[in-house]
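Topology and contacts: notes
Given next are the chains, with one letter for each unit.
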Protein chains: 2
Amino acid sequence: MPAPIDFYFDFSSPYGYLAARRIEDIAAKHGRDVIWRPHLIGAAFATTGSKPLLEIPMKGDYARIDLPRTARGLGISFRIPEKFPFLSVAAARAFYWLSDSDPSKAKELALALYDRAFAAGEEISSAGAVIAVATGIGVDAEALQAALNDPDVKARLKAEVNAAIERGVFGSPYIFVDGEPFWGHDKLDEIDRWLETGGW
Amino acid sequence: MPAPIDFYFDFSSPYGYLAARRIEDIAAKHGRDVIWRPHLIGAAFATTGSKPLLEIPMKGDYARIDLPRTARGLGISFRIPEKFPFLSVAAARAFYWLSDSDPSKAKELALALYDRAFAAGEEISSAGAVIAVATGIGVDAEALQAALNDPDVKARLKAEVNAAIERGVFGSPYIFVDGEPFWGHDKLDEIDRWLETGGW
């Protein structure tokens, strides 16, 4: 079995959302598993000097054209949430906590959270919103509530974020295939060709 | 005849170089002409807060992996010039001056300049280097030398840069197809599909 693909994303990243809707199908075509790794890309901004995409003059205006156009071309529902950018800490903590016991359920949670944010346009930054989405797919609300306040869960996310930064992950989505980094939703077709051909 | 494609690029942009090697073939497939428009993207950095790609921590490291890998996948010779980033003002002035009398020759000059920088890895920032490349394809050296110091040519480039900024061009390559902006070399396949399908 070839190595799994590492899929880094931020729950507040609209291009991460588009990639999340596609990455499993692309990987499955080539017999690959995907490890989902929520990241807080704001942690890299101090190093790269960047800031939330839609807040950057000129580039933000472009993204507001490119995002819905790209989604439309792929047949993916898309809208920019009313409250944007937003904090994705609670969503990321919930993901890592759940993934320890049930990685597949954690992916389901990730997609449900992403859909609430970027298909429905509703907020997922509060603990309440994250718990509401999680209970909607059968996760125990009390256990998740406790997890979101658990110092171990907080430390776990912090360690994951530090490890991602250490690995050079400055954006979302950011995908490793056999050690090769690919940044951006625009790279998904290239990743598909890479997996198909074995790389170049 | 459908409208031509506007191809904005900076002579100091390695992704612009990759796009320059491909854009005419993609456009020709769909019966489109291409208007080449050298830009000085540094003029947008004050607005976007960005800086030369390879100087950005993390992102620069990624580009040093992605650029040669992308070029290799396309069968395009590529190297990062020893002196990088570099000024592209002389190259851009030479281009606009030549394009007024011979647009097709100006494209030939652009490709020759890009090749010298990103295939041979040599400098194209000095007037001497630009003139050497231009004379290599039959451009009159004295006329070009005079043009590079001509206030009208300088004003022309300035006006082109201002018009590009006004149009939102913050990066290279940046391509308009029927008014739709596409940023980045990674968008070329999407542009191909857009032209093929008439858009979505």
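Our structure's up above, just so we're on the same page.
Attention here is on the structure that accompanies the text.

This part takes up the packing of helix 5 (residues 89-101) of chain B against helix 8 (residues 141-148) of chain B. All names here are of chain B. Where helix 5 meets helix 8, the closest approach of the two axes is 10 Å, and the angle between their N-to-C directions is 115 degrees. Here helix 5 is positioned roughly perpendicular relative to helix 8, judged by the angle of their axes. Like other packed secondary-structure pairs, helix 5 and helix 8 cross with a definite hand, here right-handed. In this structure, helix 5 contributes A90, R93, A94 and W97 to the contact, and helix 8 contributes A143, L144, A147 and L148.

Turning to the relation of the copies chain A and chain B, a few remarks are in order. At an RMSD of 0.0 Å, chain A and chain B line up after a rotation of 180 degrees and a shift of 0.0 Å along the axis. With respect to symmetry, the two chain copies, as superposed, fit the operation of a two-fold axis. For chain A, the smallest separation between a C-alpha atom and the rotation axis is recorded for A:D186, amounting to 3.0 Å. The share of interface residues of chain A whose copies in chain B are also at the interface is 100%, consistent with both copies meeting through the same surface.

Take the sheet that holds strand 2 (residues 34-38) of chain B next. Taken in spatial order, the 4 strands line up as 2-1-3-4 (chain B) in an open sheet, and their pairing is mixed. Because the sheet does not close on itself, it has two edges, and the strands there are strand 2 and strand 4 (180-183) of chain B. Between one strand and the next, the sheet's axes are offset by a mean angle of 20 degrees, whatever the strand orientation. With 4 bridges joining them, strand 3 (residues 174-177) of chain B and strand 4 of chain B adopt antiparallel strand pairing. Among the inter-strand pairings, B:I175 is bridged to a residue of strand 4 of chain B, identified as B:F182. With respect to the sheet, helix 4 (residues 59-74) of chain A is in contact with strand 3 and strand 4 of chain B, its orientation differing from that of strand 4 of chain B by roughly 105 degrees.

Criteria and thresholds
Residues numbered from 1 in each chain as written. Chains lettered and ligands numbered in written order. Predicted model: local features only at pLDDT ≥ 70, side-chain atom pairs only at ≥ 80, totals over all residues. Heavy atoms only, no water. Axes fitted to C-alpha atoms, helices over the stretch in contact; angles between N-to-C directions. Helix = DSSP H or I, 4+ residues; strand = E, 2+ residues; numbered from the N terminus. Parallel < 35°, antiparallel > 145°, perpendicular 65-115°, else oblique. Left-handed = near helix turned anticlockwise from the far one by under 90°. Contact = heavy atoms within 4.5 Å. Least-squares fit on C-alpha atoms with pLDDT ≥ 70 in both. Pairing = 2+ DSSP bridges.

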